[in-house]
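Structure at a glance
Listed below are the residues making up each chain.
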Amino acid sequence: MAVEDAFSSPLGPPACEKDAKALQFIKEMTRNADFVQEKVLAEILSRNSQVEYLKRFKLNGAIDRQIFKSKLPIITYDDLQPEIQRIANGDRSAILSSHPISEFLTSSGTSAGERKLMPTIQEELDRRQLLYSLLMPVMNLYVPGLDKGKGLYFMFVKSETKTPGGLSARPVLTSYYNSDHFKTRPYDPYNVYTSPNEAILCSDSFQSMYTQMICGLQEREQVLRVGAIFASGLLRAIRFLQVHWQELAHDIESGTLNSKITDPSLRDCMTKILKPNPTIAEVIRMECSKEKWDGIITRIWPNTKYLDVIVTGAMAQYIPTLDYYSGGLPLACTMYASSECYFGLNLNPMCKPSEVSYTIMPNMAYFEFLPHEPGKTWTSRDSPPKLIDLVDVEVGKEYELVITTYAGLYRYRVGDILRVTGFHNSAPHFHFVRRKNVLLSIDSDKTDEAELQKAVENASQLLREFNTSVVEYTSYAETKTIPGHYVIYWELLVKNSANSPTMQVLNQCCLAMEESLNSVYRQGRVADNSIGPLEIRVVKNGTFEELMDYAISRGASINQYKVPRCVNFTPIVELLDSRMVTTHFSQDLPHWTAERRR
């Protein structure tokens, strides 16, 4: 096979023979997507034919797709929780999988409530590693020369917990970073990190961040890409640099390590890495001491070609802030994954964030799609809807993702809403729309994450003339007032304090948000008087970093943490309110007429 024949791309041939094989694999998987899906389902059902869960539904060893669909129910986490709890408590019988459950992967979770425990098996590490191995071969088609430098990636682990039965429970990335797949990975010139394993694997988030940052600064001219899992993680790193640049510059100038770094293996590792470099220390002092931090990423790391971060879904609201700090560098969203399963990759990673679509890799699991009907909530008590197979989805339509995995999830609703944007061979591309959930409700109104984000985006347009943007937000349904009302917390980035938004403009932002919300909300405001005026509470800079610190202190993973778009946990509401600077209300009623009801 010729290298240039491995992947049909107008951008040129694969960078190397290894890339050619990876791209050929993508081509084969996507060209025969339905065949691969049928084979995957047969493998899952065949190997797990004797597990308790499948025997309960009298599948009787059948591997046929239609029999599977006719007998297995569509489920949510709540439906599966009794089985998961038995495994967590130490039951080692074949409940969900014929292969032993090796650990639980915890969902990213929110500020309140228990995090979900997702069962996994040892071989899933191979499957996740396979997907990781496809990312750089695709990226190399778009960005040449990545083997000539390094990647500054902020990667973190969390100390694992144990279930009553002794199994580890930890975030999926903590599991991966602690595995031999990561720790003993072979050298790949296209995938070299500035951070040593010891820094990544240190469970103390301060020590890990400090040493990863110092390594990235020390090799500033070698850095060709800067990244984190989520955009919020990269911004947290920038804020860390804002707070600690003087200490970092001192350590680099002197070649000595901050006494706050106490982890023995980390200190030993950094002693070998850290060498005196007054020149780099002077650059850090010169750039970081400036009042404005626009373009700080390219000022500190001048050879950076792109940022590797997830900016789809709820992360989209970070895009203006990333553009500010990077000087408008391209934003690459490379893959789509969750604790339940790794799904696919972006075959056009340098596209605009609004155009990001992920191609589901049909070998990762068996995928079905529940047609999404806005306004309709389907429950397990309803008659089962007809689910669509991977290759039969239709462009332009939205679906909720349903998966069957090798690790023992069967027809499990992930809760992600996806829109089909096209196909690569016979495998569809999906744009991630949102998580299927309702964030805010006072009366009969229901506002979801996508709608709230759109309202924030529309309102923030009024801030443009003041060179101000919303860098973080969350919400709260205030029901102590009569009537109740929406409270939106905003953290603002004001680039010119002499030209800050006025009280009147921020009041107008409240109304602009209300105008963007659905007609049921507006009817409640205008006709029913069941909803009070929307309130925006502007909080001090750094408030949302404190919110993240609080969540981490309660067990959230720094890698998977996402700002909750709605908060109802009293300590968090109190934290936000204690940082409030100003408060603003909608001064007028939004537009609503009976003719516009829907």
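Structure report, in brief. Note that the structure is a prediction, hence the values are computed from the model and not measured.

By the definition in use, this model includes 21 aromatic pairs. Where F369 meets F430, the ring centres are 4.9 Å apart and the plane angle is 15°; that geometry is what we call stacked. Of this pair, F369 sits in strand 12 (residues 366-371) while F430 sits in strand 16 (residues 427-435), and the two are 61 residues apart along the sequence. Judged on exposure class, the residue F369 and its partner F430 are both buried. A network of ring pairs unites the aromatic residues Y132, Y153, Y176, Y177, F182, Y193 and Y342 as a single cluster. Between the NZ or CZ atom of R128 and the centre of the ring of Y342, over which it lies, the distance is 5.8 Å.

Turning to the pairing of strand 3 (residues 150-154), a few remarks are in order. The two faces of a sheet get side chains in turn, since along a regular strand they alternate between them. For strand 3, the tally of buried residues reaches 4 of 5 residues, placing the bulk of the element in the interior. Across 5 bridges, strand 3 lies against strand 6 (residues 223-230) in parallel orientation. Residue G151 lies in a different strand from strand 6, and its bridge partner there is R225.

Within a beta sheet, neighbouring strands are joined by backbone hydrogen bonds and run either parallel or antiparallel to one another. Strand order in the open sheet made by the 8 strands is 9-10-11-16-15-14-12-13, with antiparallel pairing throughout. Every interior strand has two partners, whereas the edge strands, strand 9 (335-337) and strand 13 (388-389), have only one. Running over the sheet, helix 2 (residues 33-47) touches strand 12, strand 14 (398-404) and strand 16 and is turned about 110° from strand 12.

Taking 1.5 Å of rise per residue, the 14 residues of helix 10 (residues 205-218) would be expected to cover 20 Å, and the 20 Å separating its terminal C-alpha atoms lies within 8% of that figure. Counting buried residues in helix 10 gives 12 out of 14 residues, a clear majority hidden from the surface. Those residues of helix 10 lying buried are Q207, S208, M209, Y210, T211, Q212, M213, I214, C215, G216, L217 and Q218. Here helix 10 starts with a cap whose side-chain oxygen sits 3.0 Å from the backbone nitrogen of F206, and that cap is D204.

For the rest of this paragraph, the subject is helix 6 (residues 124-142). With 19 residues, helix 6 ought to run about 27 Å at 1.5 Å a step, and its terminal C-alpha atoms sit 29 Å apart, in line with that. Of all 19 residues in helix 6, 14 are buried; the element is thus mostly enclosed.

About the criteria used
Residues numbered from 1 in each chain as written. Predicted model: local features only at pLDDT ≥ 70, side-chain atom pairs only at ≥ 80, totals over all residues. Heavy atoms only, no water. Phe/Tyr/Trp six-rings, centres within 6.5 Å; stacked < 30°, edge-to-face > 60°. Helix = DSSP H or I, 4+ residues; strand = E, 2+ residues; numbered from the N terminus. Buried < 20%, exposed > 50% of the residue type's maximum accessible area, 1.4 Å probe, protein only. Lys NZ or Arg CZ within 6 Å of the ring centre and 35° of its normal. Pairing = 2+ DSSP bridges. Contact = heavy atoms within 4.5 Å. Axes fitted to C-alpha atoms, helices over the stretch in contact; angles between N-to-C directions. Expected span 1.5 Å × (residues − 1). Polar contact = N/O pair within 3.5 Å; in protein donor to acceptor, adjacent residues only side chain to side chain.

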